[in-house]
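Residues per chain are reported as follows:
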There are 2 protein chains.
Amino acid sequence: MSVKNSNEIILQNRVLVDVTINPMSRKHYIELDPPSLLNNHADVDRLMAALIDRYHNLKVPLDLMNKVGEVLRQAAWRVTVTVADFGGNWQMIDIEPGDKTERHFGLAVDLGTTTVVGYLVDLTSGKILGSAAEYNEQVRYGEDILTRIYLAGTPEGRKQLQDAVVNTLNNIINRLVREFKIKNLEISAVTVGANTTMVHLLLGLDPSRICMEPYIPVVNLPGCVNASEPGLAVNPKAPLYCLPGVGSYVGGDITGGILASGMYQKPELAVFIDIGTNGEMVLGNSEWLAACAGAAGPALEGGVAHDGMRAEPGAVYQVRIDAETGKVVYRTIGGQKAAGICGSGLIDCLAELLLAGIIDRAGKFRDTEKEFVVVPASESATGKDITFTQTDIDNIMRTKSAVNTALEVLLESVGCQLADIETFYAAGAFGQYLDLESAITIGLYPDLPRERMIRLGNSSGEGARLVLISDDSRREAEKIARSITYFELNASEVFMNKFVGSKFLPHTNLDYYPTVKEKMLRRGLLRD
Amino acid sequence: MSVKNSNEIILQNRVLVDVTINPMSRKHYIELDPPSLLNNHADVDRLMAALIDRYHNLKVPLDLMNKVGEVLRQAAWRVTVTVADFGGNWQMIDIEPGDKTERHFGLAVDLGTTTVVGYLVDLTSGKILGSAAEYNEQVRYGEDILTRIYLAGTPEGRKQLQDAVVNTLNNIINRLVREFKIKNLEISAVTVGANTTMVHLLLGLDPSRICMEPYIPVVNLPGCVNASEPGLAVNPKAPLYCLPGVGSYVGGDITGGILASGMYQKPELAVFIDIGTNGEMVLGNSEWLAACAGAAGPALEGGVAHDGMRAEPGAVYQVRIDAETGKVVYRTIGGQKAAGICGSGLIDCLAELLLAGIIDRAGKFRDTEKEFVVVPASESATGKDITFTQTDIDNIMRTKSAVNTALEVLLESVGCQLADIETFYAAGAFGQYLDLESAITIGLYPDLPRERMIRLGNSSGEGARLVLISDDSRREAEKIARSITYFELNASEVFMNKFVGSKFLPHTNLDYYPTVKEKMLRRGLLRD
């Protein structure tokens, strides 16, 4: 159990976190003396006696007790016992004949509002064997989270939404089980990184009060439940552990991200940003952590843009505009004919239009046009121009202003400045595929030395993997969740003032963006 | 919680055990601050924070979490929380609006092969509010325990027997609930004193190996399960705790009896005897405990005697024979016409026949008759003579010899003598109603000073009550069960030799029975 394991999901070559493998479920091979008249302990008591030194107060569920007697005799008193940690209370969850300690599997899940990713983890090494992703079937009942919260206000609606996400998870589980030739029963622990609403919907909890002031969830630290309670297709007695959340708008996915980044272990100031439908931001170090959240807006998800679309095949994800000729070079996912523009393409458009001098720092077209043709009708899959409009610009600028302002307010609240930030962590799929320079050019990200900016990829899933394989990480996650101070930005007047003030590209105060300022100067877009 | 509580069920005026009330389930009235933007803990976390000092690691079951939010708001943040001890792991099991701490109930059960008794206990005082008894519905599937063990060899048979005993318990619960005007949900803990087979059948465990060498139960210390698992009609999350057993033939009923007697606390040697269909005997003191068991035989239950019957209305329970006139005086239960003779009546018959000189010390009729008319046909309910036969005598003598021999072998095994016994505890209904002098006269009980002989009554039920109201008692019960050394008598050659040697009334060596010897001398039944 002293194998060391470092970040798996995070794609960078850097090791951000190093943990010792002490998984949530454990397997022990045990050889017992057979009973006799002079050694007549009961079956269950005999087995427990072999584990008492390791697990004080280990509980055997009633419906496994008969199996104990059967397997012990079938296997000539040589068995493998699986035990699992339910928040400090250990339970036996399976007994198998012979030595099965090498077949030891767990599932780490990033449960998103739109997409669900499952990682099958080998609990002996802590390594990921493989992953599978599915759209969250809850989307059928509503793309946005508010619709789902509303539906979940009745027990029937809650049940529908729970069944949908459990079905999604079981599809993922069954795909992984088939691919890696294991049995569903061999998955002996499940951990989940999800926002607070998704945790409620998975567990069948009423999320109604999440979106009503004062925004109170049923629970932030649900601890472990049995996987059979929501109905996951794994060992029914396996612990299902949802990463603890901070509040209605900062959930376990963010706790998991902080955990995966390792920022809570370092004395230097760092900021963690996860931009999706909602945006969450955490500022802090090993001493303290402060968080805020807000509706980042679907502007960046492609949903509301004139020709926006999800990051699917045919989506324009990269755009470059030649400042001299005005010629556009773009790339699509899968190299297919362009059908629309996804989030990273939209950010590129805005940055490139600014650097090409086509729009000004207020985000307005310098000439009279009201839109920019990214892909002409002749090249598009739709047969129509794919354009980037003034409304698109305004929407994205609102989002970048919200993110930027949130960071400034958070910094100010704790008496720090942009320059104090040692490391900038960008989480999530959007953070992964976004062009870093474009994000800085439009002022969405701060203008920091690039080597101090780290993309975390699926840090919610990585957080889930860490708590699956390490009880230290589980304790850390709970400590993180309890210690984060949440700032309610919408209630802050400072926020509104700054929000209005930051509605320029990249920022009202260009000195905050030295590399962007230099680029613009070089291109003659600014007076000295 | 510092109320002191002493023996309730034990009918003697003596206090054998004194315990401090720390029941298995507890109620706490809590007043919480309502949430606000600046105090935005989640509902469940807020409630747990109020209990964290008392209960480290308190778990809230998933299906109570929604109820937490509802009741908190409905009751303006003033609620009563019920928590219960699952072997050191505390769980919340209910939440009620307002202060409900005074309505706090538990059920202690003596679950016998034939009869089941439930005691409704007020967990604030530890006192018994009332009791109800029913025949064990399993009797339908077989009077004797071996038939039931055989039936329970299949999952279907196990289910039938479990359903039968659960139905019996639920009838008892429903009677008590109606009588005392409480709700089933208000019973928040259940404890059971039962032999090992009955515990298996209640929990749905396979008892097959209990009666096959080397006599291994599935479990001796099952700990707590949820009352809903077998299906008891109480709070479904209430802990159901079966008193721990020692082995296949010394069960939790005996552990409970030892606990209720208090003999495990005293330095003086004591013996505990429970005679029913099976007989169990425990010898020891605060330093050590040794036990043995055997089929006492249904001889004493009235089942096999020529005119034997259960201790029901119409049963002859007391018999006196005038040594001069040979005239018989008898009493029946309920004063009804005699229908047969129950266990205590049979013991009386044997003792009185000996003291009247009608049978000799070998248990043989001195004259040529082969039976003794206890109730003439003219007085009986059946219209026939109710008789006590030579076969009845032989059967009872076999039982008394087995009990007597067991005690001698146990004493010899630990290097003690009859005279070393400071206290003799007689448990169970049989021990309660049996005439003490008759039991000594026939040599079933040892001839000790009478003030050192204590009838315990339903000590299995009393043991269940003690573990229900006191966690110290629970720990003691487990310590008792683990520390008892079990002697397998049937495997002992010494036993067989002594068994044969003790087949006289009251014993081969009359010096062990000084008071009986004196009586017989007085009546001229012995030569000096």
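In this text the structure is predicted, and so the values were computed from the model without any measurement.

(A) Looking closely at the interface of chain A and chain B. At the interface, 41 residues of chain A touch 41 residues of chain B. Together, the buried faces of chain A and chain B total about 3500 Å²; carbon and sulfur atoms form 54% of this surface. Of all residues in chain A, Leu37, Leu62 and Asn66 of chain A give up the largest surface area on contact with chain B, accounting jointly for 18% of the area buried on that side. Taken together, chain A and chain B are joined by 2 salt bridges. Between Arg209 of chain A and Asp43 of chain B there is a salt bridge, and its shortest N-O distance comes to 3.8 Å. Linking chain A with chain B are 18 residue pairs in polar contact (both at pLDDT 80 or more), by the criterion used here.

(B) Here's a closer look at the relation of the copies chain A and chain B. The two copies are related by a screw motion: chain A maps onto chain B through a turn of 180 degrees and a shift of 0.0 Å along the axis, at an RMSD of 0.1 Å. Taken together, the turn and the small shift mark the pair as related by a two-fold rotation axis. Judged by C-alpha distance, Asn89 of chain A is the residue of chain A that lies nearest the rotation axis, at 3.4 Å. Comparing contact sets, 100% of the residues at the interface of chain A also lie at the interface in chain B, consistent with an isologous, same-surface contact.

(C) Summary view of the sheet that holds strand β21 (residues 453-457) of chain B. Residue and element names in this part refer to chain B. Strand order in the open sheet made by the 6 strands is β21-β20-β12-β13-β14-β22, with mixed pairing throughout. Two strands lie at the open edges of the sheet, namely β21 and β22 (485-487), each paired on one side alone. Strand-to-strand twist across the sheet, computed as the mean angle between neighbouring axes with direction ignored, equals 20 degrees. Sheet analysis places strand β14 (residues 289-294) next to β22, joined by 3 bridges and oriented parallel. Following the sheet pairing, Cys292 is matched in β22 by Phe487. Contacts from helix α8 (residues 390-413) reach β12 (270-275), β13 (279-284), β14 and β22, with the element oriented near 25 degrees to β13.

(D) Main features of the UniProt feature "domain: RACo linker region" (unreviewed entry) in chain A. The sites that carry the UniProt feature "domain: RACo linker region" (unreviewed entry) are, in the present numbering, residues 18-102 of chain A. Helix makes up 24% of residues 18-102 of chain A and strand makes up 33%, while its end C-alpha atoms are separated by 22 Å.

(E) Inspection of helix α2 (residues 62-74) of chain B at higher detail. Within α2 of chain B, the full set of buried residues consists of Leu62, Leu64, Met65, Asn66, Val68, Gly69, Val71 and Leu72 of chain B. Where α2 of chain B is buried, its residues meet α4 (155-179), α5 (196-203) and β10 (224-226) of chain A together with α1 (43-49), β4 (78-86) and β5 (89-97) of chain B.

(F) Unusual backbone geometry, seen in detail. Residue and element names in this part refer to chain A. Note that the residue after Leu505, namely Pro506, is joined by a cis bond; omega there is -15 degrees. Considering the arrangement of structural elements, one finds Pro506 in the loop between α13 (493-501) and α14 (514-522). At Trp77, a position not held by glycine, the phi torsion is positive, near 65 degrees. On the secondary structure map, Trp77 appears in the loop between α2 (62-74) and β4 (78-86). For Tyr215, which is not glycine, the phi torsion reads 60 degrees and is therefore positive. Note on placement: Tyr215 falls in the loop between α5 and β10.

(G) Main features of the pattern of salt bridges. This structure, assessed with the given rule, holds 52 salt bridges over all chains. Across the pair Asp63 of chain B and Lys237 of chain B runs a salt bridge whose closest N-O atoms are separated by 3.2 Å. With Asp63 of chain B in helix α2 and Lys237 of chain B in the loop between β10 (224-226) and β11 (239-242), this pair connects stretches of sequence that are 174 residues apart. A single network of salt bridges, built from pairs that share partners, joins Arg26, Asp471, Asp472 and Arg475 of chain A.

(H) Summary view of the pairing of β13 of chain B. Residues and elements named next belong to chain B. For β13, the buried fraction is high: 6 of the 6 residues fall into the buried class. Both faces of β13 are covered, namely the face carrying Gly279, Met281 and Leu283 and the face carrying Glu280, Val282 and Gly284. With 6 bridges connecting them, β12 and β13 associate as antiparallel partners. Following the sheet pairing, Asp274 is matched in β13 by Glu280. Counting the residues between successive antiparallel strands, the hairpin from β12 to β13 contains 3 residues. One ladder, built from 6 bridges, connects β13 with β14; its direction is antiparallel. When the sheet's bridge partners are listed, Gly284 is paired in β14 with Leu289.

(I) Focus on the confidence of the model for chain A. Scored by pLDDT, chain A comes out at a mean of 92, with 96% of its residues at no less than 70. Predicted complex metrics record ipTM = 0.92 and pTM = 0.93.

(J) Seen up close, the side chain of Arg158 of chain A. Mapped onto the elements, Arg158 of chain A comes out in helix α4. On the basis of relative accessible area, Arg158 of chain A is assigned to the buried category, the value being 11%. Apart from the residues lying within four places of it in its own chain, the contact partners of Arg158 of chain A are Leu151, Ala152, Gly153, Gly204, Leu205 and Asp206 of chain A together with Asn66 of chain B.

(K) Just the sheet that holds strand β16 (residues 328-332) of chain A, in detail. Residue and element names in this part refer to chain A. Taken in spatial order, the 3 strands line up as β16-β15-β17 in an open sheet, and their pairing is mixed. Of all strands in the sheet, those bounded by a partner on one side alone are β16 and β17 (340-341). Of the pairings in the sheet, the one linking strand β15 (residues 315-321) to β17 comprises 2 bridges and is parallel in character. Note on β17: the bridge partner recorded for Ala315 is Gly340.

(L) How the structure looks around the packing of helix α7 (residues 343-355) of chain A against helix α8 (residues 390-413) of chain A. All names here are of chain A. The interhelical angle for the contact between α7 and α8, taken along N-to-C directions, is 100 degrees, at an axis separation of 11 Å. Between α7 and α8, the crossing angle belongs to the class labelled roughly perpendicular. Between α7, through Leu346, Ile347, Leu350 and Leu353, and α8, the contact on the second element is made entirely by Ile393, Ile396 and Met397. In terms of residue class, the contact of α7 with α8 is built from 7 nonpolar, no polar and no charged.

(M) Molecular detail of the packing of aromatic side chains. By the definition in use, this model includes 6 aromatic pairs over all chains. Ring geometry for Tyr55 of chain A against Trp90 of chain A: centres 4.7 Å apart, planes inclined by 45 degrees, an arrangement best described as tilted. With Tyr55 of chain A in the loop between α1 (43-49) and α2 and Trp90 of chain A in strand β5 (residues 89-97), the pair connects residues that are 35 residues apart, well separated along the chain. Accessibility assignment for this pair places Tyr55 of chain A and Trp90 of chain A in one class, buried. Plain terms: the ring middles of Phe424 of chain B and Tyr445 of chain B are 4.7 Å apart, the flat faces sit at 55 degrees to each other, and that makes the pair tilted. In this pair, Phe424 of chain B sits in strand β20 (residues 423-427) while Tyr445 of chain B sits in the loop between α10 (436-441) and β21, placing the two residues 21 residues apart along the sequence. The same class applies to Phe424 of chain B and to Tyr445 of chain B, which are both buried. Positioned above the aromatic ring of Tyr135 of chain A, the side-chain terminus of Arg310 of chain A is 4.6 Å from the ring centre.

Parameters at a glance
- Residues numbered from 1 in each chain as written.
- Chains lettered and ligands numbered in written order.
- Predicted model: local features only at pLDDT ≥ 70, side-chain atom pairs only at ≥ 80, totals over all residues.
- Heavy atoms only, no water.
- Contact = heavy atoms within 4.5 Å.
- Buried area = accessible area lost by both parts, 1.4 Å probe.
- Salt bridge = Lys/Arg side-chain N within 4 Å of Asp/Glu carboxyl O.
- Polar contact = N/O pair within 3.5 Å; in protein donor to acceptor, adjacent residues only side chain to side chain.
- Least-squares fit on C-alpha atoms with pLDDT ≥ 70 in both.
- Pairing = 2+ DSSP bridges.
- Helix = DSSP H or I, 4+ residues; strand = E, 2+ residues; numbered from the N terminus.
- Axes fitted to C-alpha atoms, helices over the stretch in contact; angles between N-to-C directions.
- UniProt positions renumbered as here; feature names shortened; annotations may be inferred.
- Buried < 20%, exposed > 50% of the residue type's maximum accessible area, 1.4 Å probe, protein only.
- pLDDT = per-residue confidence, 0-100.
- Parallel < 35°, antiparallel > 145°, perpendicular 65-115°, else oblique.
- Nonpolar A, V, L, I, M, F, W, Y, C, P; charged D, E, K, R; others polar.
- Phe/Tyr/Trp six-rings, centres within 6.5 Å; stacked < 30°, edge-to-face > 60°.
- Lys NZ or Arg CZ within 6 Å of the ring centre and 35° of its normal.

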